[in-house]
Amino acid sequence: MLASILSPMVLAFLLGIIASRVKSDLKFPDSLYQSLTIYLLIAIGMKGGYKLSLATFEEVWQPALVAIGLCCTIPLWTYVLMRKVGKFDVPNAAALAAHYGSVSAVTFSAALAFHENLSIPFEGFMPSMLAMMEIPAILIGISLARINTPPTESNPQIPIKEVARELFAGKSSLLLLGFLLIGFSVGKTGWEQVAPLFDLPFKGVLTLFLLEAGLVAGRKLSDLKKGGLFLIGFGIIFPIVHAIIGIYLGSLAGLSLGGATILGVLASSASYIAAPAACRVALPEANPSYYLTSALAITFPFNIMFGLPLYHEIAKLIITQ
Amino acid sequence: MLASILSPMVLAFLLGIIASRVKSDLKFPDSLYQSLTIYLLIAIGMKGGYKLSLATFEEVWQPALVAIGLCCTIPLWTYVLMRKVGKFDVPNAAALAAHYGSVSAVTFSAALAFHENLSIPFEGFMPSMLAMMEIPAILIGISLARINTPPTESNPQIPIKEVARELFAGKSSLLLLGFLLIGFSVGKTGWEQVAPLFDLPFKGVLTLFLLEAGLVAGRKLSDLKKGGLFLIGFGIIFPIVHAIIGIYLGSLAGLSLGGATILGVLASSASYIAAPAACRVALPEANPSYYLTSALAITFPFNIMFGLPLYHEIAKLIITQ
Amino acid sequence: MLASILSPMVLAFLLGIIASRVKSDLKFPDSLYQSLTIYLLIAIGMKGGYKLSLATFEEVWQPALVAIGLCCTIPLWTYVLMRKVGKFDVPNAAALAAHYGSVSAVTFSAALAFHENLSIPFEGFMPSMLAMMEIPAILIGISLARINTPPTESNPQIPIKEVARELFAGKSSLLLLGFLLIGFSVGKTGWEQVAPLFDLPFKGVLTLFLLEAGLVAGRKLSDLKKGGLFLIGFGIIFPIVHAIIGIYLGSLAGLSLGGATILGVLASSASYIAAPAACRVALPEANPSYYLTSALAITFPFNIMFGLPLYHEIAKLIITQ
Amino acid sequence: MQNFHLLTIITEEVLATTIEKELVSLGAKGYTWSTVSGKGLEGVRDNQWEGENTKIETIVSEETCKKILSHLELKYFNRYAMIAFYHPVQVIRTNHFL
Amino acid sequence: MQNFHLLTIITEEVLATTIEKELVSLGAKGYTWSTVSGKGLEGVRDNQWEGENTKIETIVSEETCKKILSHLELKYFNRYAMIAFYHPVQVIRTNHFL
Amino acid sequence: MQNFHLLTIITEEVLATTIEKELVSLGAKGYTWSTVSGKGLEGVRDNQWEGENTKIETIVSEETCKKILSHLELKYFNRYAMIAFYHPVQVIRTNHFL
Ligand SMILES: Nc1ncnc2c1ncn2[C@@H]1O[C@H](COP(=O)(O)O)[C@@H](O)[C@H]1O
Ligand SMILES: Nc1ncnc2c1ncn2[C@@H]1O[C@H](COP(=O)(O)O)[C@@H](O)[C@H]1O
Ligand SMILES: Nc1ncnc2c1ncn2[C@@H]1O[C@H](COP(=O)(O)O)[C@@H](O)[C@H]1O
Ligand code: NA
Ligand code: NA
Ligand code: NA
C-alpha cells in the first residue's frame, strides 16, 4: 500500500497539488497538456488493441457485457440519487450521472501502472473496456435531462443524435477506438515498431500528466466548499460502491484478480475529458463547479491515492471468497 | 504488400483522414506539429550523417550525382508538361515544378520504415540524398517563372539570390544539413548518446506525424474538385514515372534494391514544407490550391499507401533483370 | 578535449548560433522550450534524488556545506567587484551578483553528459548541490541592492520575504526540489518505471535544448558591444576563478575528480532561468542587457564549449597534487 | 458610405465552431479567432481542463453587427461565459467585409 | 448612459499576475489576457529567455479607466516595457463590466 | 494634439517579418504580433501546412497610418490573404509612438 502511494505518479500528483497551493508559477503550456492527452489516448488504445488481438472471443465477451452493463446503469442510479438525496436540479443531476457513468483514462492508466508495479497480472484487453465505457453513460446522462425537461422556446435542445455524433467523433473516443483498431490490426511487428514511443516511456509520461493534473486539482480544492459536504461524501462513497460492484461482476465474468480490480477502477472513476465538454454544450444549465469539482478535485485524487490500494484489497477479499 | 498497408504509420494516416471527414474535434496543437517536424528533420539528418561517416566516398558519389541530376531535371519537364498539357499559367506551372522536383522528408521516413519492417537492407547514407535534393528544384522552379515572366512595376520580384539565401537558412534545410554534419562528426559515441531520443522512438513519432498529416490531407480532399481530374491524374502518374526513373538510375549508380527504391521514392515525392513556403513568398500569383492539393492530398497519400509497395515491386523487376 | 567539442550537444549549440546569425526562420515554439525546461528540471531532480537515496549522510554533508558556502559568498565578491572595478550602479551590480552566484541547470547537465562521455565517475548526488545553490545567491543579490539603496516613495520595494516565497515556489526550484524528494522516496522500482522517459533520452533532449539555447545566444551576440569589453572579460575570467575555487574546495570536501569538477562547473555557471525572472521583478532598475548578455551570450557558451574541458584539466592538476 | 464595426466575442471554446458558422450565416464574410485566457463573472478560464476562452473578431456592417448581437443575446448570453462588444473601424478593400 | 472603454495594456509577462490583481482592486470586473510578441523602445520581446509580453484587455467605465492608467503610470511606466491605450466600445450586458 | 491610430493587419505568416521591417521604415516606433487563425476570401487559415495568419498591431500617427496603408495596398493586397483596419485610440507616454 505504501509502495503505491510512494509511486512517482502519485507523488507527482501531490507535488502538483502543493505547487498550486503555494501559488507556484509552474504552469504546463496548454499545448503540452494537449500533447500528453493525445499521447496517453493513443498509447492506451494501441497497446490495448494489440493485446486484444492476442485474446480469444471467449475471454472477452463476458467482461465486455459487464462493462457495458455497468456504464449504462451507473448513470441511472446516480441520477436518481442526485435528484432525491442530493436535491440537485435536473441538469446538474444529469451531468453528474454522465460524469460518474463514464470513465477516466488517466485513472485507468494509473491502475495499470499500479498493477504492473506490484507484478499483479491482468487481462491485456482491459483498454477495450475503457473504450467501450466512455460514451454510453454520457449519452444516457444527457438523455435523462432531455426526458425530464420540457423543451422551451428560449432553450433549444441539440438533438441527441447530434450529441452522439459529436461524442464518437470527439478526440478521446476517436483516438481510443481508432488506435484500438490499429493496435489490433498491426500485429507483433507493428506493435514493436511503435512500442519504444508508446510503451516504454508510458509511466514517465503519466507522471508528467499527473503533475499537471495535480496543479489543476489543487486549484479546484478551493471550490470544494461550493460543492458542500454532500458532494465530498458522494465523490468518495459512490466510487467505492461502484468499484465493489465492478470488481464483483468482473470476477463473475471470469476476470483475474487484476482484471476485476481494473474493471472496478473503471466503474469507480469519473470522466473529465469527454464528459465535461459534452455537458457544457448539451447541458449548459448544469453548473461546472459541481461536476468538475467532484470529478477532478474529489474522486480523481481519492482514486489515485487511496482508491487503488483499497480496491486491490477489496478485490482480494471478494475473489478469494 | 498488405503488411505495408497494415503498418501503424499508414493506419494512423488513414485514421487522420477519417477523423477529418467525420469532422472530429481532434486537432494537434500547432506547436506539437512544429515540434514533430523539428524532431523528424533532426533525427533523419543525424542518423544519415552518422551512417554517411561509415560509408566510403566510392559508394556515395555516383548516387549523389544521380540524386542531383534528378532534382534538377524533374522540375524542367514538369514545368513544360504543366504549361503544354495542363494549360497552367506560368506561376502555377513553376510552383508545381518546384514542388515535384523537391522532396518530402516524411514520405522518405515512411520509405525507411517500410524497408526496415520488411528487413530489406538499404544504404545508410540515403538521408544525405534527401538533404541534397530539397533545395535545387525549388530554385529552378522559381527561376523558370522569372525567365518566363517579364518583370512589371506593380509586380516587384525578390532577387533569386535572396530566395536562395532564405531557402538555405530555412529551417528544413538548416536542420537537415546541420545535423547531417553533426551526425557525421560525432562518431559512434556521440550517436549512441542521442540515439535513445532520435532513433528508437522514430517510428512512433512518425506515426504521430502521419496522424496529423492525415487530418490535413482529409480536409484538403474537399479541394480535389478545384484541382480537377487532370491534377489527380498528374499527382499519381508523375510520381510513378519519377519513381521508375529514380529506381533505374539508382540501380545503375550501384545502389542496392532498397537504396534504389528509396531514391525512387525521393524522386517521386513532392515537397510540402520548404516548397510551399518559398513559393508563397516568391510566386504569390501561383494558387496554393493547386500545389498544396496535389502534393498533400494526392501524391503524398498515394505514395504512403500504394506507392511504397508498388515501387518495391517495380524495383524488384528492374534490378533482378 | 576534441571529443568534448565534437559532442552532439556542443555542436547543436553551435548550429543554433549559426542559424541565428544567418537569420534562419528556425524557431522553437515557445511551448516546446517550456516543455523541455520542465523535462530537464524533473529529470535532473528525479535522478539526483534517487542517487542521493543511495548515498550516505557521511558522503554528502561536506560537499553540501561547500556548495552553500560558495553560493553565499560568490555574490558578495561579485557585487564588490562590479561596483568598484566595473563601475556599475547598485541595481546592476546586485543583479550580476545574483546571476553569477546562482547556477545554470543546463550547464550542469552538459557537465554530467561530458563526464559520462569520458566515462569519468562522479558522485550521483550532485544534482542536490544544484538544487541547493539556486536560490540563496539570488536572495543575497537582491538584499545587497536593498541594503545599498534608500527606499524612496516612487520606488516601492517588494519585501524580501515575498521575493523568497516567490523564488521557492518558482517553477525551477519547485521542480528541482520536488523531484529530488520524489526520486529520493521512490526507490529502485519507482526510478525504473520512469527512467525510460527521464533518463534514457536525457542527452537527446539536452541536444535539442542546446540548439534552442544557441538560437537565443546567437541573437544576443549582437548585444555584446552594449556590454563592453569589461563584461566580456568578466564573463570569462570570473567563471574560471569560481571553477577553480569550486574544484579546490570540492576536493577538500572529499569529492572525486568528477564530482569536484562538477562542483566547479556549478560555481562557475550563471543562472538564466530563476535569476532573470526574479531580478526583473525585484530589481527593475537593473538593465537586462547586462546580466542576460553576460550570462547567456558570454559565460554560458564559454562554459559549454571551452569551460568543461578546461575545468577537467584543472581538476586533474589540483586533485593529483 | 458604409459603416463597419469590429465585433469581438469572448466566450467558451466549446462554442467557437458553432458560433463561427452562425456568424457566416448571419452575414459575416470572414472572422479571426485565437485562444485567450480570461476572468469574468464565471471565474477564471485559463486551461483546457476547466475550460478555455476563444476570442472571435469579425468586421461587419452595422446592420449585421446588430443582427449577430441579438442572436448571441438570445441563444447564449444567459447560459455561457460570454462577452461581446464592438466599435467602428476604418477598413480598406471593403469587398472583404460585405 | 455609462461610457465603456476597452483598455489594453501590453507589458512584460512577469508583471501580468500582479497587474491583474491590481486591475480588480481598482474596479475592473474582468479581464482577458494572452501572450504576444512585440518590439518597442525596450527592443524585441519574443521569447521566454529574454522576456515575453502579455496583452491584458479590460472593459471598464471611463472613471475606472482613468484610475487604472494613473496607477500604471506611477508604478510601472518608467521601469518596465509597457504601453497602454484605450478607446470607447459598445457593450451588451453591462453587468459584466460595472 | 496628435491623433493616434491602432492599425491592425491580419495576413499570411510568411509575410510577417518583411512587413514588420517595412512598418519601421515607414515610421512605426513599435508593433505587437501574435498568431491567429482566420477565415476570409482566401478560405480557412488555421495551421502550418496550409498557412497561418499573423496579426500585427501598431500604434502610429494618422499620417504614418495612411502611409503604411497605401504601401500595403500597392504591394500586398491583390496577391495575398490580408486585411487591414484602423481606429483612433488614446495613448499614454506618446514617446513610444512618435
Ligand atoms: N470586463 C471585462 N473586460 C475584459 N474581458 C472580460 C471582462 N469580463 C469578462 N471578460 C472576458 O469574457 C470571458 C467571459 O466572461 P464572463 O461571462 O463574465 O465569465 C472572461 O473569461 C474574460 O475573458
Ligand atoms: N507603437 C507600438 N505599436 C504597437 N505596439 C507597441 C508599440 N510600441 C510598443 N509596443 C508593444 O509594447 C511592448 C512594450 O513596449 P516598450 O516599452 O516600448 O518596449 C512592446 O514589446 C510591444 O509589444
Ligand atoms: N470580415 C472579417 N472579419 C475579421 N477578420 C477577417 C475578415 N475577413 C478576413 N479576415 C481575416 O483576414 C485573413 C485574410 O483575409 P482574406 O484575405 O479575406 O482571406 C483571414 O484569414 C481572417 O483571419
Ligand atoms: Na465510472
Ligand atoms: Na520529387
Ligand atoms: Na555560479
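See the structure above.
Calculation notes
Residues numbered from 1 in each chain as written. Chains lettered and ligands numbered in written order. Predicted model: local features only at pLDDT ≥ 70, side-chain atom pairs only at ≥ 80, totals over all residues. Heavy atoms only, no water. Helix = DSSP H or I, 4+ residues; strand = E, 2+ residues; numbered from the N terminus. Rg over C-alpha atoms; globule rule 2.2 N^0.38 Å. Buried < 20%, exposed > 50% of the residue type's maximum accessible area, 1.4 Å probe, protein only. Contact = heavy atoms within 4.5 Å. Areas by Shrake-Rupley, 256 points an atom, 1.4 Å probe, with all protein chains shown as cover. Lys, Arg positive; Asp, Glu negative; His and termini not counted. Charge placed at Lys NZ, Arg CZ, Asp CG, Glu CD. Donors = N, O, S within 2.8 Å, 3.2 Å for Na, K, Ca; no water. 1 Å grid on protein atoms, 1.4 Å probe; cavity = no way out; pocket = protein on both sides within 12 Å on 5 of 7 lines; lining within 4 Å. Points joined across faces, edges and corners; volume = space filled by probe spheres on them. Nonpolar A, V, L, I, M, F, W, Y, C, P; charged D, E, K, R; others polar. Pairing = 2+ DSSP bridges. Core = buried A, V, L, I, M, F, W, Y, C linked by side-chain atoms within 4.5 Å. Expected span 1.5 Å × (residues − 1). Least-squares fit on C-alpha atoms with pLDDT ≥ 70 in both. Buried area = accessible area lost by both parts, 1.4 Å probe. Salt bridge = Lys/Arg side-chain N within 4 Å of Asp/Glu carboxyl O. Polar contact = N/O pair within 3.5 Å; in protein donor to acceptor, adjacent residues only side chain to side chain. Near = heavy atom within 4 Å. Patch = residues over 30% accessible without salt bridge, like charges linked within 9 Å, V, L, I, M, F, W, Y side chains within 5 Å.

Caption draft 1: Fine view of the overall build of chain D. A count of helices and strands for chain D gives two helices and five strands. Listing every helix and strand of chain D by position from the N terminus yields β-α-β-β-β-α-β. Here the C-alpha atoms of chain D give a radius of gyration of 14 Å, agreeing with the 13 Å that 2.2 N^0.38 yields for 98 residues. The principal-axis extent of the C-alpha atoms belonging to chain D is close to 45 × 25 × 20 Å. Residues counted as buried form 62% of the 98 residues belonging to chain D. A separation threshold of at least 6 residues defines the contact pool for chain D, and within that pool the share at least 24 residues apart is 74%. When the accessible area of chain D is evaluated, it comes to approximately 3900 Å², of which 49% is carbon and sulfur surface. Taken as two groups, the 10 positive and 12 negative side-chain charges of chain D have centres that lie 6 Å from each other.

Caption draft 2: Structural detail: the coordination of the sodium ion (ligand 4). Residues and elements named next belong to chain A. Each protein donor to the sodium ion (ligand 4) is listed here as Tyr 100 (O), Ser 102 (O), Leu 266 (O), Ala 267 (O) and Ser 269 (O); together their distances run 2.4 to 3.0 Å. When the donors of the sodium ion (ligand 4) are listed by position in the chain, the intervening gaps give Y-x1-S-x163-L-A-x1-S. Within this pair, whereas Tyr 100 is found in helix H5 (residues 90-101), its partner Ala 267 is found in helix H13 (residues 257-268), the two being separated by 167 residues in sequence. Each member of the pair, Tyr 100 together with Ala 267, is buried.

Caption draft 3: Region of the structure containing empty space enclosed by the protein. For the coordinates displayed, the defined rule picks out twelve cavities of 30 Å³ or more. Lining the largest cavity are 36 residues, and of these Leu 32 and Leu 197 of chain A, Leu 32 and Leu 197 of chain B together with Leu 197 of chain C lie nearest its centre. In the lining of the largest cavity, the residues fall into 30 nonpolar, six polar and no charged.

Caption draft 4: How the structure looks around the pairing of strand E5 (residues 82-91) of chain E. Buried residues dominate E5 of chain E, accounting for eight of its ten residues. As judged from the two bridges shared by strand E5 (residues 82-91) of chain D and E5 of chain E, these two strands associate in the antiparallel manner. Bridge assignment links Tyr 86 of chain D to a residue of E5 of chain E, and that residue is Gln 90 of chain E. As defined by bridge partners, strand E1 (residues 4-12) of chain E adjoins E5 of chain E across eight bridges and the pair is classed as antiparallel. Its bridge partner being in E5 of chain E, Thr 11 of chain E is matched across the sheet by Met 82 of chain E.

Caption draft 5: Quick peek at the coordination of the sodium ion (ligand 5). Residues and elements named next belong to chain B. For the sodium ion (ligand 5), the protein coordination sphere consists of Tyr 100 (O), Ser 102 (O), Leu 266 (O), Ala 267 (O) and Ser 269 (O), at 2.4 to 3.1 Å. For the sodium ion (ligand 5), all donor residues lie on one chain, and their spacing in sequence is Y-x1-S-x163-L-A-x1-S. Note that Ser 102 is positioned in the loop between helix H5 (90-101) and helix H6 (105-117) and Ala 267 in helix H13 (residues 257-268), a separation of 165 residues in sequence. Across the pair, exposure class does not vary: Ser 102 and Ala 267 are buried alike.

Caption draft 6: Broad picture of the nonpolar core. Judged by nonpolar contacts, the single largest core of 274 residues is most densely connected at Leu 263 of chain B together with Leu 263 of chain C. In this view, Leu 263 of chain B contacts Val 66, Ala 67, Leu 70, Met 126, Met 129, Met 133, Gly 246, Gly 250 and Leu 255 of chain B; residues no more than four positions away in its chain are not counted.

Caption draft 7: Summary view of helix H8 (residues 135-148) of chain C. All names here are of chain C. With 14 residues, H8 should cover 20 Å at 1.5 Å per step; its first-to-last C-alpha distance of 20 Å lies within 8% of that length. Burial in H8 covers these residues: Ile 135, Ala 137, Ile 138, Leu 139, Gly 141, Ile 142, Leu 144, Ala 145 and Arg 146. On its buried side, H8 packs onto helix H4 (57-84), helix H5 (90-101), helix H7 (126-133), helix H9 (160-169), helix H10 (171-198) and helix H14 (274-282).

Caption draft 8: Looking closely at the relation of the copies chain F and chain D. Superposing chain F onto chain D takes a rotation of 120° plus a shift of 0.0 Å along the axis, which leaves an RMSD of 0.0 Å. Viewed as a symmetry operation, the transformation between the two copies matches a three-fold axis. Little of the interface of chain F is mirrored in chain D: 5% of its interface residues are interface residues there too.

Caption draft 9: Highlighting the layout of surface pockets. Residues and elements named next belong to chain C. In this structure, the second largest pocket spans a volume of roughly 370 Å³. Lining the second largest pocket are 21 residues, and of these Lys 47, Glu 116, Asp 199, Phe 202 and Lys 203 lie nearest its centre. Here the residues of the lining of the second largest pocket sort into eleven nonpolar, four polar and six charged.

Caption draft 10: Fine view of the interface of chain F and chain D. Chain F puts 22 residues into the contact, and the matching count from chain D is 19 residues. In terms of surface lost to chain D, no three residues of chain F exceed Lys 39, Leu 41 and Phe 85 of chain F, which account for 31% of the buried area on that side. Applying the counting criterion to the chain F and chain D interface returns one salt bridge. Notably, a salt bridge pairs Glu 57 of chain D with Lys 55 of chain F, separated by 2.7 Å at the nearest N-O pair. Viewed at the interface, chain D and chain F are joined by six residue pairs in polar contact (both at pLDDT 80 or more). Of all the secondary-structure elements, those providing two or more residues to the side of chain F that touches chain D are strand E2 (31-40), helix H2 (62-75) and strand E5 (82-91) of chain F. Of the residues contributing to the side of chain F that touches chain D, the split by class is twelve nonpolar, six polar and four charged. Note that strand E2 (residues 31-40) of chain D and E2 of chain F share three bridges and pair antiparallel. Within E2 of chain F, the residue paired with Trp 33 of chain D across the bridge is Ser 37 of chain F.

Caption draft 11: View of the site of ligand 2. Around ligand 2, the structure places 19 residues, and the nearest of them are Leu 41 and Asn 53 of chain E together with Thr 32, Ile 59 and His 96 of chain F. The separation between an oxygen atom of ligand 2 and a polar main-chain atom of Glu 42 of chain E is 2.9 Å. Here an oxygen atom of ligand 2 sits 3.0 Å away from a polar atom, N or O, in the main chain of Met 82 of chain E. Considered on its own, ligand 2 offers 480 Å² of accessible surface; in the complex 99% of this is hidden by protein. Put simply, the parts of the chain that give the shell around ligand 2 at least two residues each are strand E2 (31-40) and E5 of chain E together with E2 and strand E4 (53-61) of chain F. Of the residues in the shell around ligand 2, the class split is eight nonpolar, seven polar and four charged.

Caption draft 12: Summary view of a nonpolar patch on the surface. Together, Phe 57, Trp 61 and Leu 65 of chain A make up an exposed nonpolar region whose accessible area comes to about 370 Å². In this structure, Leu 65 of chain A sits in helix H4 (residues 57-84).

Caption draft 13: Examining the relation of the copies chain C and chain A more closely. Aligned on chain A, chain C shows an RMSD of 0.0 Å; the corresponding rotation is 120° and the shift along the axis is 0.0 Å. Little of the interface of chain C is mirrored in chain A, where only 4% of its interface residues again form contacts.

Caption draft 14: Structural view of the interface of chain C and chain A. Contacts between chain C and chain A engage 23 residues on the former and 27 residues on the latter. Roughly 2000 Å² is buried in total at the junction of chain C and chain A, and carbon and sulfur atoms are behind 75% of that figure. At the boundary of chain C with chain A, the tally comes to zero salt bridges. Elements with a contribution of two residues or more to the side of chain C that touches chain A: helix H3 (30-54), H9 and H10 of chain C. The residue makeup of the side of chain C that touches chain A, split by class, is 13 nonpolar, eight polar and two charged.

Caption draft 15: Seen up close, the site of ligand 1. Near ligand 1 there are 19 residues, and of these Leu 41 and Asn 53 of chain D together with Thr 32, Ile 59 and His 96 of chain E occur at the shortest range. Lying at an intersection of chains, ligand 1 is approached by residues of chains D and E. A distance of 2.7 Å separates an oxygen atom of ligand 1 from a polar side-chain atom of Asn 53 of chain D. A distance of 3.0 Å separates an oxygen atom of ligand 1 from a polar atom in the backbone of Met 82 of chain D. Of the residues contributing to the shell around ligand 1, the split by class is eight nonpolar, seven polar and four charged.

Caption draft 16: Up close: H4 of chain A. The terminal C-alpha atoms of H4 of chain A, which comprises 28 residues, lie 41 Å apart, in line with the 40 Å expected from a rise of 1.5 Å per residue. Residues of H4 of chain A that are buried include every one of Val 60, Pro 63, Ala 64, Val 66, Ala 67, Leu 70, Cys 71, Ile 74, Pro 75, Thr 78, Tyr 79 and Met 82 of chain A, and no others.

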